[in-house]
Amino acid sequence: MCVGTNRFLPNPLSYFYKLRTAVLWLMIGVLGACKQQASQTIKPSYTNLTEAVYASVTLKAADQYMAFTTVNGIVKKVQVTEGDVVTKGQALFTIENNNQALATQSARLGVALAKDNLAGNQSKLEEISRQIEVAKLKLSNDSLTYHRQKNLWDNNIGSKSQLDQFYLVYQTAKKQVTILISQYGQAANQLTTQLKQAQNNLGTTINNAGDLIVRSQLAGKVYSLFKKEGELAVPQEPLAMLGKNDGFLMELLIDEVDIARIQTGQKVLVTLDAYGDKVWEALISKIYPAMNSRTQTFTVEATFIQPPKVLYPGLTGEANIVVAEKNNVLTIPYEYLIGGNKVLTENGDVEVTTGLQNFQKVEIKSGIDSTTKLLKP
């Protein structure tokens, strides 16, 4: 019984060994923490610093545009294929529109009818012309008779009623000439106007018929076709995408908070997904002033200084637009900055004045120097 009871009594040696082990582990932990803290202690250093603005990149062909039809219809013929090199004015699509064909035919018939009316009424115009000649002869005779009678009346020969009668005949002949001349002018103008209107209508329908052929607006390449033969073509939907075949540019999307720092001529460092980590240099060439309200971004164009040999529209990537550069400035790693204006030293927090910064480095203008030891927050 005594032996069994002694099994549960505390052993002084076991306590000593456990205590020594615990102290040992505590010392190892403290030393490890000190070593880790020491490894995260740095000093500011002088380096060259570049500040840049990030942008997403999409590649476009120079003068890239979408080809549309101006009329509704069916794609009767696609006259190019993707990848074709085309000249300016070359036919791309032929659109079939039965209504347009009927309108052209009707316009031609209208011109023919107007010509027939003008030719068919020549006899009527000639008749009015002959009537005008007869009326002018009568007017001349009546005028002569009236003035003779007036001379007699001035010499107290004849009667006043007879003079008035001759004057009335003279005035009637004069009005008849005026009426006939007006009738001739109205008839001639009406027929001529009808012919001109019919010819103008025909010209308009012929021009509209020309819209049934969609042509290239530039000398370049067909990059995409969106419609096939037999499909419906409407003015709201593009038929093809074309652009220059010897030049590309980049379309960059800039956040609205950064657009005020972007200027034409700034250097751009570009990486394309198709080329991995290889960096290409470009220059800002154009800034579009209108903001996309949906994405809160501005569109900026950039051109390669030395472009890759193989490029395609639609390639994507990333870009950093260099907005500022300084050489030999005091910097610290970005992660050592606290709250934008403090750093942690062996003596506690110290307030600093910062300058340029990017995702890796921050310029320190004042507050610490190159001998200050910094602890990582």
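Before reading further, recall that the structure is shown in the block above.
None of the values given here were measured: they were computed from a predicted structure. Note on numbering: residues in each chain are counted from 1, in written sequence order. In keeping with the model being predicted, local features are shown solely for residues with a pLDDT of at least 70 and side-chain atom pairs are shown and tallied solely at 80 or more, while totals for entire chains, interfaces and linings include all residues. Excluded from the side-chain calculations are hydrogens and water; all other atoms, namely the structure's heavy atoms, are used.

A. Spotlight on the overall build of the protein chain. Helix and strand assignments follow DSSP, with helices taken as H or I runs no shorter than four residues and strands as E runs no shorter than two, numbered in order from the N terminus. Helix and strand counts for the protein chain stand at five helices and 20 strands. Residue contacts are defined here by distance: any two heavy atoms, one from each residue, within 4.5 Å place the two residues in contact. Nonlocal contacts in the protein chain, meaning residues at least 24 apart in sequence, comprise 74% of its contacts between residues at least 6 apart. A total accessible area of about 24,100 Å² is found for the protein chain, and carbon and sulfur atoms account for 54% of it. For accessible areas, the Shrake-Rupley method is used with a probe of radius 1.4 Å. Any residue's cover is judged against the shown protein chains and nothing else.

B. Layout of the nonpolar core. By nonpolar core is meant a set of buried Ala, Val, Leu, Ile, Met, Phe, Trp, Tyr and Cys residues that side-chain atoms within 4.5 Å join together. Accessibility here uses a 1.4 Å probe with only protein chains present; expressed as a share of the type maximum, an area under 20% marks a residue as buried, one over 50% as exposed, and anything in between as partly exposed. Counting residues in each nonpolar core, the largest one holds 27 residues, and the members touching the most others are Met 250, Leu 252, Ile 254, Val 268 and Ile 321. The set of elements that each furnish at least two residues to this core consists of strand S2 (45-61), strand S11 (248-255), strand S12 (267-272), strand S13 (279-292), strand S14 (297-304) and strand S15 (316-333). With five residues, S2 is the largest single contributor of residues to this core. For Leu 252, the contacting residues outside a window of four places in its chain are Ala 55, Ser 56, Val 57, Val 268, Ile 284, Phe 298, Thr 299, Val 300, Ala 302, Ala 319 and Ile 321. One finds Ala 67, Leu 212, Val 222 and Leu 239 within the second-largest nonpolar core, a separate group that totals 18 residues.

C. Quick peek at the sheet that holds strand S5 (residues 85-86). Pairing between strands is defined by DSSP: at least two bridges between the two strands are required. Judged by pairing direction, the sheet is antiparallel, and its four strands sit side by side in the order S3-S10-S8-S5 without closing on themselves. Single-partner strands in this sheet number two, and they are strand S3 (65-67) and S5. When S5 meets strand S8 (residues 220-225), the two strands line up antiparallel, connected through two bridges. Counted as the bridge partner of Val 86 is Gly 220 from S8.

D. Representation of a nonpolar patch on the surface within the structure. Patches here: salt-bridge-free residues with over 30% relative accessible area, like charges joined within 9 Å, nonpolar side chains (Val, Leu, Ile, Met, Phe, Trp, Tyr) joined within 5 Å. In what follows, salt bridge is the name for a side-chain nitrogen of Lys or Arg lying within 4 Å of a carboxyl oxygen of Asp or Glu. A grouping of Met 66, Phe 68 and Phe 226 is seen on the molecular surface, where their side chains present a nonpolar patch of about 260 Å² in accessible area. Residue placement: Phe 68 occurs in the loop between S3 and strand S4 (73-78).

E. Region of interest: unusual backbone geometry. In this structure, Asp 63 takes a positive phi of about 60° despite not being glycine. Within the secondary structure, Asp 63 is located in the loop between S2 and S3. Among the residues examined, Asp 63 registers a relative accessible area of 48% and is labelled partly exposed. Residues other than glycine seldom take positive phi values, yet Asn 328 does so here, at roughly 55°. Here Asn 328 lies in strand S15.

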